[in-house]
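Coordinates in review
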Amino acid sequence: MINRIVELAEELSNERRKDPELVSRMEIAAHGQFPRFLLISPINRSSQDLQLFGMVMGDAFHGTRVPRMPLLPPDKAPFLFGGPAAYNRGFPNERGVILTFEQDEPEDVIRETLVNIVLHPDVKGIPILVFRVDYELGRARIIPHGKGRNYEAENHLIARLRRPDDLNADTLVLICSDSRVHPPETPNGVPMAIQTLAGYIPKYTGFDDETHQLNEFFTEWLSTMSSSRHILIVGHGNFEGEGHSCGAALESLNPENVKNSFLRYVISELQVAATQFESHTSVNAEDRVRSLSLAIKEHLLSYPAVREFAETSLSDFIDILLMDTVSNILSTADI
Ligand SMILES: [Zn+2]
């Protein structure tokens, strides 16, 4: 399976090199990212949302919501929502924060999410674009609300809608929020994904916070003992010499230089977690991404539902891959 995903990433990268628009996106990506949207998707629809709205490399910075649960206030969800929204504030062309909900999600989940999202100081003043989506048909409905809208951006997104590829609910990817890296496609459809700064998730805390929501998600997802269930940790960076490291990993080398206090808290956590897996403190972002991947794997296994599944799983259930930020080509990590 892993080998096929790596091959597929190379095939898709070669395809992109034949499309002048995507080639220019890659050239821009070698110098930085300038996303126009922060896209907060339910974990199971993260990859499909990118296709639904026709988002290509560089279009959307990504945050994560646990499906059928409201987005928590930023202090209770510093990694799934708080960190990505704080990082996103630094981009110049921000047109809106997109929130998507599935057809059958209760109204209360939407209402509570809207109340909590505007508690983040770095979301203030940015329009919130809310959609209820039928992923089978590739259709979406705009949800009106009073938290600040942008009709032009809403209509722009509605006009771009297309039916996404099928979901492969057996594969869960942990990958950076970076707009230049998308969850890799699998032979059986697009995967579910948790997209955070550097793809990092904290250890399970046992408190009523984002880790509680994540454990609920893992419990439901892993309730059927299936050998095809699989988690991929994808670190990204300059692995082919075409430029650009993971920004969050780079900043974690010197978290004291991060000005935004919310972001500094998250980036400092990345540093603390990664250094547990470094014999010498990393001096470049690519080494930092490798040690972070090991920390993420350990943290995943602190969730009771994941640990239980891993202990009874016959095959390797969690794998680590590295992705080049610009070409999006994958390699297996020798760490
Ligand atoms: Zn990154």
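Thresholds applied
Residues numbered from 1 in each chain as written. Predicted model: local features only at pLDDT ≥ 70, side-chain atom pairs only at ≥ 80, totals over all residues. Pairing = 2+ DSSP bridges. Helix = DSSP H or I, 4+ residues; strand = E, 2+ residues; numbered from the N terminus. Axes fitted to C-alpha atoms, helices over the stretch in contact; angles between N-to-C directions. Buried ≥ 20, exposed ≤ 12 C-beta atoms within 10 Å, placed from the backbone. Right-handed = clockwise from strand over helix to strand, strands pointing away.

1. What about the sheet that holds strand β4 (residues 128-134)?
Each strand in a sheet pairs with its neighbour through backbone hydrogen bonds, running either in the same direction (parallel) or in the opposite one (antiparallel). Taken in spatial order, the 5 strands make up an open sheet running β2-β1-β3-β4-β5, and their pairing is mixed. In this open sheet, the two strands that pair with only one neighbour each are β2 (60-65) and β5 (139-142). Each adjacent strand pair in this sheet contributes to an overall mean axis angle of 30°, direction not counted. Bridging between strand β1 (residues 37-42) and β2 involves 6 bridges; their strand directions are parallel.

2. Things to note about the sheet that holds strand β10 (residues 330-332)
With respect to topology, 5 strands assemble into an open sheet ordered β7-β6-β8-β9-β10, the strand pairing being mixed. Each having just a single partner strand, β7 (190-196) and β10 make up the two edges of the open sheet. Strand-to-strand twist across the sheet, computed as the mean angle between neighbouring axes with direction ignored, equals 30°. When strand β6 (residues 167-176) meets β7, the two strands line up parallel, connected through 7 bridges.

3. Focus on the pairing of β1
Burial of β1 is extensive: 6 of the 6 residues sit out of reach of the surface. The two faces of β1 match: Phe37, Leu39 and Ser41 on one face and Leu38, Ile40 and Pro42 on the other face are all buried. Following the chain from β1 across helix α3 (residues 46-52) to the adjacent parallel β2, one finds a crossover that is right-handed. Both β1 and strand β3 (residues 96-102) contribute to a ladder of 4 bridges, which runs parallel. Paired with Leu38 across the two strands is Val97, which belongs to β3.

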